[in-house]
Amino acid sequence: MLIFTQRRFDPGLPNHFQDYANGSRLRRIYLDELPDDLSDRSIELGVLQLMGLQDELAPQRARELLQRARVTDGVDEQRLLELVLRTFVYKFSTLTREEIRLMLGIDELKQTRFYQEMAQEEQEKGREEGREEGVQQGVQQMLSRTVPVLLRAGLSIDQIAQQLQVDVELVRKAAQQN
C-alpha cells in the first residue's frame, strides 16, 4: 500500500517494481481523493484523511473528529488528540503550538503526552543554554580577575591565553576592561 496526500506527489514506481503496478498486491491511496464521509466510518481513518485535506478544511474536520471521540465508546480520546496534534504540527509547520490549540479549539492541550514531551524538551534546552551562559560568565569573571594580575607579572596577552587555554580575543577584552 502506498499512501500519498495528493496524486501529484506520486512519483510512479521504479522499473524494478513495475510487475506490481497492475497486480492486486499494490494499492495506491490518495488522501485528498478519499470520500468525505470516510471520517464518519472511522475516526482513525478521519485523522489519516486530515493530512490530505485542504488547509482551510482541516481544522473544522479535526474539531468534528475530536468531538466525536468525546462521545464515542472505545475511543482513546487522549491518543486521538495526540494524533491530531502531531498531524497538525507537520501540516501547519509554521504555526506555534498555541496557534494550533486555538485553531482546534482545545483547552486540554497541556494534558497531552505530545505537549508534555515538547515542554520537557524546551525545559532541557533552556537548562543547557543556562549552563552554557553560566560557564561563559564564569570564564569572563575569572579572566577579568586574573588577566590584570598576569599582565602586571610581565606575561603577554598571547602567553596568558596559551597558559589559560582560552581564546586570545577573550584575554584582550579582559585586558581592555581593566
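As shown above, the structure is provided for reference.
We now turn to the structure provided with this report. Owing to the predicted nature of the structure, the values given are computational and were not obtained by experimental measurement.

Thresholds, definitions, all that
- Residues numbered from 1 in each chain as written.
- Predicted model: local features only at pLDDT ≥ 70, side-chain atom pairs only at ≥ 80, totals over all residues.
- Heavy atoms only, no water.
- Core = buried A, V, L, I, M, F, W, Y, C linked by side-chain atoms within 4.5 Å.
- Buried < 20%, exposed > 50% of the residue type's maximum accessible area, 1.4 Å probe, protein only.
- Helix = DSSP H or I, 4+ residues; strand = E, 2+ residues; numbered from the N terminus.
- Contact = heavy atoms within 4.5 Å.
- Expected span 1.5 Å × (residues − 1).
- Salt bridge = Lys/Arg side-chain N within 4 Å of Asp/Glu carboxyl O.
- Axes fitted to C-alpha atoms, helices over the stretch in contact; angles between N-to-C directions.
- Parallel < 35°, antiparallel > 145°, perpendicular 65-115°, else oblique.
- Left-handed = near helix turned anticlockwise from the far one by under 90°.
- Nonpolar A, V, L, I, M, F, W, Y, C, P; charged D, E, K, R; others polar.

**Quick word on the nonpolar core**
- One finds Leu50, Val84, Phe88 and Leu104 to be the most contacted residues of the largest nonpolar core, which totals 18 residues.
- When residues of this core are traced back to their parent elements, those giving at least two are α2 (43-50), α3 (58-71), α4 (77-91) and α5 (97-104).
- Each residue touching Phe88, except ones within four places of it in the same chain, is listed here: Leu50, Ala58, Pro59, Ala62, Ser93, Ile100, Met103 and Leu104.
- Membership of the second largest hydrophobic core comes to six residues, among which are Val147, Ile160, Ala161 and Ala174.

**Quick look at α4**
- Under the 1.5 Å per step criterion, the end-to-end length of α4 is 21 Å for 15 residues, consistent within 8% with the ideal 21 Å.
- The set of residues buried in α4 consists of Leu80, Leu81, Glu82, Val84, Leu85, Thr87 and Phe88.

**A word on the pattern of salt bridges**
- Overall, the coordinates contain six salt bridges when judged by the stated rule.
- When the shortest N-O distance is used, the salt bridge between Glu128 and Arg131 registers 2.9 Å. Taken together, the positions of Glu128 and Arg131, both in helix α6 (residues 113-152) and three residues apart, correspond to about one turn of that helix.
- A relative accessible area of 37% means that Glu128 is categorised as partly exposed.

**Looking at the packing of helix α7 (residues 157-164) against helix α8 (residues 168-177)**
- Running from N to C, α7 and α8 point in directions that differ by 120 degrees, and their axes come no closer than 9 Å. Comparing the axis directions of α7 and α8 gives the class oblique. Between α7 and α8 lies a crossing of right-handed hand. From α7, Ile157, Asp158, Ile160 and Ala161 reach across to α8, where they touch Val168, Val171, Arg172 and Ala175.
- In the contact of α7 with α8, the residues fall into six nonpolar, no polar and two charged.

**Regarding unusual backbone geometry**
- Of note, the phi angle at Gln165 is positive, near 60 degrees, even though the residue is not glycine.
- Here Gln165 lies in the loop between α7 and α8.

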